[in-house]
Amino acid sequence: MRTIVITGSSRRLGLFLVEKFLSMGDTVIAITRSPPQDFPSISSKHLHLIQVASYDQIGITKAMQEIETLADSVDLLINNASMYDADPESVEDLETHYLSLFNVHMLFPTLLITALKERMYNESQPGVVVNITDIYADNPNPEYSLYCSTKSGLESLTQSFAKKFAPGIRCNSIMPGPIQFLEQHTEQQKSQVYKETLLPFEGGYMPVFQAVTFLLDNHYVTGTSIKVDGGRSICRG
(Lines give C-alpha, C1' and ligand atoms only; values in the text may rest on other atoms or scores of the structure.)
Protein backbone atom coordinates (compact mmCIF):
# COMPACT_ATOMS: atom_id res chain seq x y z
CA MET A 1 0.00 0.00 0.00
CA ARG A 2 1.39 3.37 -1.04
CA THR A 3 1.26 6.53 1.06
CA ILE A 4 0.34 9.68 -0.82
CA VAL A 5 0.32 13.29 0.43
CA ILE A 6 -1.88 15.77 -1.44
CA THR A 7 -2.22 19.48 -0.73
CA GLY A 8 -5.22 21.58 -1.71
CA SER A 9 -7.29 18.45 -1.36
CA SER A 10 -10.83 19.52 -0.44
CA ARG A 11 -12.20 20.47 -3.86
CA ARG A 12 -11.86 20.27 -7.64
CA LEU A 13 -8.68 18.51 -8.85
CA GLY A 14 -7.33 17.88 -5.35
CA LEU A 15 -10.50 16.15 -4.21
CA PHE A 16 -10.62 14.11 -7.42
CA LEU A 17 -7.05 12.90 -6.85
CA VAL A 18 -7.84 11.98 -3.26
CA GLU A 19 -10.83 9.91 -4.33
CA LYS A 20 -8.96 8.18 -7.17
CA PHE A 21 -6.00 7.11 -5.06
CA LEU A 22 -8.28 5.92 -2.25
CA SER A 23 -10.19 3.82 -4.81
CA MET A 24 -6.86 2.18 -5.73
CA GLY A 25 -6.29 1.14 -2.11
CA ASP A 26 -3.66 3.77 -1.29
CA THR A 27 -3.36 5.65 1.98
CA VAL A 28 -3.95 9.36 1.41
CA ILE A 29 -2.85 12.16 3.71
CA ALA A 30 -4.86 15.19 2.61
CA ILE A 31 -3.57 18.62 3.63
CA THR A 32 -6.19 21.35 3.45
CA ARG A 33 -7.06 24.73 4.91
CA SER A 34 -10.71 23.70 5.02
CA PRO A 35 -12.07 22.48 8.38
CA PRO A 36 -12.92 18.75 8.57
CA GLN A 37 -16.68 19.43 8.68
CA ASP A 38 -16.41 21.20 5.33
CA PHE A 39 -14.51 18.34 3.72
CA PRO A 40 -16.79 16.15 1.57
CA SER A 41 -17.60 12.92 3.32
CA ILE A 42 -15.39 10.09 2.11
CA SER A 43 -15.85 6.79 3.88
CA SER A 44 -12.35 5.37 4.07
CA LYS A 45 -10.11 4.37 6.93
CA HIS A 46 -7.17 5.13 4.64
CA LEU A 47 -7.92 8.87 4.45
CA HIS A 48 -6.23 11.16 6.97
CA LEU A 49 -7.14 14.85 6.97
CA ILE A 50 -4.69 17.48 8.18
CA GLN A 51 -6.07 20.99 8.51
CA VAL A 52 -3.53 23.81 8.45
CA ALA A 53 -4.38 27.43 9.13
CA SER A 54 -1.86 28.74 6.63
CA TYR A 55 0.59 27.60 3.96
CA ASP A 56 3.76 28.67 5.77
CA GLN A 57 6.21 27.42 8.41
CA ILE A 58 3.43 27.25 11.01
CA GLY A 59 1.38 25.11 8.65
CA ILE A 60 4.35 22.85 7.90
CA THR A 61 5.04 22.31 11.59
CA LYS A 62 1.42 21.30 12.17
CA ALA A 63 1.35 19.04 9.12
CA MET A 64 4.63 17.29 9.95
CA GLN A 65 3.61 16.67 13.56
CA GLU A 66 0.64 14.70 12.26
CA ILE A 67 2.42 13.02 9.33
CA GLU A 68 5.10 11.70 11.71
CA THR A 69 2.39 9.75 13.55
CA LEU A 70 0.84 8.42 10.35
CA ALA A 71 3.64 7.32 8.03
CA ASP A 72 7.26 6.22 8.17
CA SER A 73 7.59 6.69 4.42
CA VAL A 74 5.87 8.67 1.67
CA ASP A 75 5.72 7.40 -1.91
CA LEU A 76 4.13 10.39 -3.66
CA LEU A 77 3.72 14.07 -2.84
CA ILE A 78 1.36 16.14 -4.99
CA ASN A 79 1.66 19.90 -4.45
CA ASN A 80 -1.76 20.91 -5.76
CA ALA A 81 -2.76 23.79 -3.45
CA SER A 82 -3.39 26.90 -5.50
CA MET A 83 -4.83 30.42 -5.54
CA TYR A 84 -6.14 31.62 -8.88
CA ASP A 85 -6.80 35.32 -8.39
CA ALA A 86 -6.34 38.25 -10.72
CA ASP A 87 -3.89 41.04 -9.88
CA PRO A 88 -5.36 43.54 -7.41
CA GLU A 89 -6.19 46.96 -8.74
CA SER A 90 -5.03 48.71 -5.59
CA VAL A 91 -1.29 49.23 -5.07
CA GLU A 92 -1.87 48.88 -1.35
CA ASP A 93 -3.08 45.30 -1.86
CA LEU A 94 -0.17 44.13 -4.02
CA GLU A 95 2.16 43.04 -1.26
CA THR A 96 -0.39 41.04 0.70
CA HIS A 97 -1.73 39.40 -2.45
CA TYR A 98 1.71 38.55 -3.81
CA LEU A 99 2.90 37.08 -0.51
CA SER A 100 -0.21 34.89 -0.33
CA LEU A 101 0.47 33.52 -3.82
CA PHE A 102 4.15 33.02 -3.01
CA ASN A 103 3.33 31.09 0.16
CA VAL A 104 0.88 28.76 -1.53
CA HIS A 105 2.72 28.14 -4.80
CA MET A 106 6.38 28.29 -3.76
CA LEU A 107 7.07 28.48 -0.02
CA PHE A 108 4.81 25.66 1.17
CA PRO A 109 5.92 23.20 -1.55
CA THR A 110 9.54 24.00 -0.70
CA LEU A 111 9.03 23.49 3.01
CA LEU A 112 6.99 20.33 2.52
CA ILE A 113 9.42 18.66 0.11
CA THR A 114 12.30 19.48 2.43
CA ALA A 115 10.43 18.26 5.52
CA LEU A 116 9.44 15.00 3.83
CA LYS A 117 12.86 14.30 2.32
CA GLU A 118 13.83 11.62 4.84
CA ARG A 119 10.50 9.83 4.33
CA MET A 120 10.72 9.97 0.54
CA TYR A 121 14.40 9.45 -0.28
CA ASN A 122 15.08 5.94 -1.54
CA GLU A 123 17.66 5.25 -4.23
CA SER A 124 16.27 1.83 -5.10
CA GLN A 125 12.66 3.05 -5.32
CA PRO A 126 12.67 6.86 -5.35
CA GLY A 127 9.87 8.89 -3.85
CA VAL A 128 8.00 11.02 -6.37
CA VAL A 129 7.04 14.70 -6.22
CA VAL A 130 4.50 16.11 -8.67
CA ASN A 131 3.98 19.88 -8.66
CA ILE A 132 0.78 21.13 -10.28
CA THR A 133 1.68 24.35 -12.06
CA ASP A 134 -0.05 25.97 -15.07
CA ILE A 135 0.52 26.54 -18.79
CA TYR A 136 0.46 30.25 -17.86
CA ALA A 137 3.88 29.67 -16.30
CA ASP A 138 5.30 29.69 -19.84
CA ASN A 139 2.91 32.15 -21.48
CA PRO A 140 1.56 34.44 -18.75
CA ASN A 141 -1.82 36.11 -18.66
CA PRO A 142 -1.22 39.83 -17.96
CA GLU A 143 -4.34 40.05 -15.82
CA TYR A 144 -2.92 37.32 -13.58
CA SER A 145 0.74 38.32 -13.69
CA LEU A 146 1.46 37.67 -10.01
CA TYR A 147 -0.23 34.26 -10.11
CA CYS A 148 1.69 33.35 -13.26
CA SER A 149 5.02 34.42 -11.83
CA THR A 150 4.66 32.19 -8.76
CA LYS A 151 3.55 29.23 -10.86
CA SER A 152 6.62 29.87 -13.02
CA GLY A 153 8.66 29.89 -9.83
CA LEU A 154 7.27 26.47 -8.92
CA GLU A 155 8.33 25.23 -12.36
CA SER A 156 11.87 26.40 -11.63
CA LEU A 157 11.79 24.79 -8.19
CA THR A 158 10.69 21.53 -9.81
CA GLN A 159 13.90 21.37 -11.83
CA SER A 160 16.02 22.55 -8.91
CA PHE A 161 14.65 19.87 -6.60
CA ALA A 162 15.06 17.22 -9.31
CA LYS A 163 18.77 18.04 -9.28
CA LYS A 164 19.02 18.49 -5.53
CA PHE A 165 17.34 15.26 -4.46
CA ALA A 166 18.42 12.85 -7.22
CA PRO A 167 18.67 9.92 -7.32
CA GLY A 168 16.47 9.21 -4.29
CA ILE A 169 13.56 11.49 -5.17
CA ARG A 170 12.13 12.19 -8.63
CA CYS A 171 10.52 15.59 -9.07
CA ASN A 172 8.32 16.59 -12.03
CA SER A 173 5.46 18.96 -12.79
CA ILE A 174 2.15 18.94 -14.61
CA MET A 175 0.96 22.08 -16.40
CA PRO A 176 -2.83 21.89 -16.80
CA GLY A 177 -4.86 23.88 -19.28
CA PRO A 178 -8.68 24.14 -19.43
CA ILE A 179 -9.38 20.90 -17.61
CA GLN A 180 -12.45 22.08 -15.69
CA PHE A 181 -14.19 25.44 -15.95
CA LEU A 182 -15.29 27.33 -12.87
CA GLU A 183 -19.00 27.87 -12.21
CA GLN A 184 -18.66 31.57 -12.98
CA HIS A 185 -17.34 30.98 -16.49
CA THR A 186 -19.89 32.03 -19.11
CA GLU A 187 -20.68 30.13 -22.31
CA GLN A 188 -19.03 32.95 -24.23
CA GLN A 189 -15.83 32.56 -22.22
CA LYS A 190 -15.86 28.81 -22.72
CA SER A 191 -16.37 29.24 -26.46
CA GLN A 192 -13.38 31.58 -26.66
CA VAL A 193 -11.19 29.05 -24.84
CA TYR A 194 -12.28 26.29 -27.20
CA LYS A 195 -11.32 28.44 -30.19
CA GLU A 196 -7.80 28.69 -28.77
CA THR A 197 -7.42 24.97 -27.97
CA LEU A 198 -6.49 22.25 -30.47
CA LEU A 199 -8.75 19.75 -28.70
CA PRO A 200 -11.81 21.99 -28.28
CA PHE A 201 -13.49 20.51 -25.24
CA GLU A 202 -13.19 20.49 -21.48
CA GLY A 203 -10.55 17.96 -20.51
CA GLY A 204 -11.77 17.02 -17.05
CA TYR A 205 -9.61 15.81 -14.19
CA MET A 206 -8.91 12.29 -15.44
CA PRO A 207 -6.14 13.32 -17.90
CA VAL A 208 -4.26 14.95 -15.00
CA PHE A 209 -4.64 11.82 -12.90
CA GLN A 210 -3.31 9.78 -15.84
CA ALA A 211 -0.30 12.08 -16.08
CA VAL A 212 0.33 11.69 -12.34
CA THR A 213 0.23 7.89 -12.59
CA PHE A 214 2.63 8.02 -15.56
CA LEU A 215 5.10 10.07 -13.54
CA LEU A 216 4.66 7.73 -10.61
CA ASP A 217 5.20 4.55 -12.62
CA ASN A 218 7.96 5.64 -15.02
CA HIS A 219 11.21 5.27 -13.10
CA TYR A 220 13.33 7.16 -15.67
CA VAL A 221 11.58 10.54 -15.65
CA THR A 222 12.66 13.45 -13.47
CA GLY A 223 13.04 17.20 -13.87
CA THR A 224 10.43 17.40 -16.60
CA SER A 225 7.04 19.01 -17.16
CA ILE A 226 3.97 17.54 -18.84
CA LYS A 227 1.39 19.84 -20.41
CA VAL A 228 -2.16 18.52 -20.05
CA ASP A 229 -3.91 21.27 -21.95
CA GLY A 230 -5.42 19.93 -25.17
CA GLY A 231 -2.79 21.84 -27.13
CA ARG A 232 -3.92 25.22 -25.81
CA SER A 233 -0.38 26.33 -24.97
CA ILE A 234 0.64 26.40 -28.65
CA CYS A 235 -2.55 28.14 -29.80
CA ARG A 236 -2.72 31.06 -27.37
CA GLY A 237 -1.28 34.32 -28.59
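Source: prediction; values computed, not measured.

1. A closer look at the pattern of salt bridges
Move 1: Taken as a whole, this structure holds five salt bridges when the rule is applied.
Move 2: Across the pair Lys-190 and Glu-187 runs a salt bridge, and its minimum N-O distance is 3.5 Å. Taken as a pair, Lys-190 and Glu-187 lie in helix 5 (residues 187–195) at a separation of three residues, close to a single helical turn.
Move 3: According to the relative accessible area criterion, Glu-187 is exposed, its value standing at 59%.

2. Topic: the packing of helix 1 (residues 12–23) against helix 6 (residues 206–217)
Move 1: Where helix 1 meets helix 6, the closest approach of the two axes is 10 Å, and the angle between their N-to-C directions is 55 degrees. One finds that helix 1 runs oblique with respect to helix 6. As helix 1 runs across helix 6, the sense of the crossing is right-handed. The segment helix 1 lies against helix 6, with Leu-13, Phe-16, Leu-17, Lys-20 and Phe-21 engaging Met-206, Val-208, Phe-209, Val-212 and Leu-216.
Move 2: In terms of residue class, the contact of helix 1 with helix 6 is made up of nine nonpolar, no polar and one charged.

3. Things to note about helix 1
Move 1: Compared with the 16 Å implied by 1.5 Å per residue over 12 residues, the 17 Å span of helix 1 between its first and last C-alpha is a close match.
Move 2: Those residues of helix 1 that sit buried are Leu-13, Gly-14, Leu-15, Phe-16, Leu-17, Val-18, Phe-21 and Leu-22.
Move 3: The secondary structure elements touched by the buried residues of helix 1 are strand 1 (3–7), strand 2 (27–32), strand 3 (47–51), strand 4 (76–79), strand 5 (127–132) and helix 6.
Move 4: Looking at the residues trailing helix 1, positive phi occurs at Gly-25, about 90 degrees.

4. Structural notes on the nonpolar core
Move 1: By size, the foremost hydrophobic cluster in this structure holds 37 residues, and its most contacted members are Ile-31, Leu-77 and Leu-116.
Move 2: Contributing elements (two or more residues each) for this core: strand 2, helix 2 (57–70), helix 3 (94–120), helix 4 (145–165) and strand 6 (169–176).
Move 3: Per element, the largest residue contribution to this core is nine residues, and it comes from helix 3.
Move 4: Residues within four places of Leu-116 in sequence aside, it is in contact with Val-5, Met-64, Ile-67, Val-74 and Leu-77.
Move 5: If you look at the next biggest cluster of nonpolar residues, it comprises 27 residues, including Val-18, Ala-211, Leu-216 and Val-228.

5. Things to note about the packing of aromatic side chains
Move 1: In the structure shown here, the tally under the stated rule is six aromatic pairs.
Move 2: Note on Phe-21 and Phe-209: the rings are 5.3 Å apart at their centroids and 65 degrees apart in plane angle, and the pair reads as edge-to-face. Residue Phe-21 is found in helix 1, and its partner Phe-209 is found in helix 6; the two are separated by 188 residues along the sequence. Grouping residues by exposure puts Phe-21 and Phe-209 together as buried.
Move 3: By the ring-pair criterion, three or more aromatic residues cluster together here, those being Tyr-84, Tyr-144 and Tyr-147.

Calculation criteria
- Residues numbered from 1 in each chain as written.
- Predicted model: local features only at pLDDT ≥ 70, side-chain atom pairs only at ≥ 80, totals over all residues.
- Heavy atoms only, no water.
- Salt bridge = Lys/Arg side-chain N within 4 Å of Asp/Glu carboxyl O.
- Helix = DSSP H or I, 4+ residues; strand = E, 2+ residues; numbered from the N terminus.
- Buried < 20%, exposed > 50% of the residue type's maximum accessible area, 1.4 Å probe, protein only.
- Axes fitted to C-alpha atoms, helices over the stretch in contact; angles between N-to-C directions.
- Parallel < 35°, antiparallel > 145°, perpendicular 65-115°, else oblique.
- Left-handed = near helix turned anticlockwise from the far one by under 90°.
- Contact = heavy atoms within 4.5 Å.
- Nonpolar A, V, L, I, M, F, W, Y, C, P; charged D, E, K, R; others polar.
- Expected span 1.5 Å × (residues − 1).
- Core = buried A, V, L, I, M, F, W, Y, C linked by side-chain atoms within 4.5 Å.
- Phe/Tyr/Trp six-rings, centres within 6.5 Å; stacked < 30°, edge-to-face > 60°.

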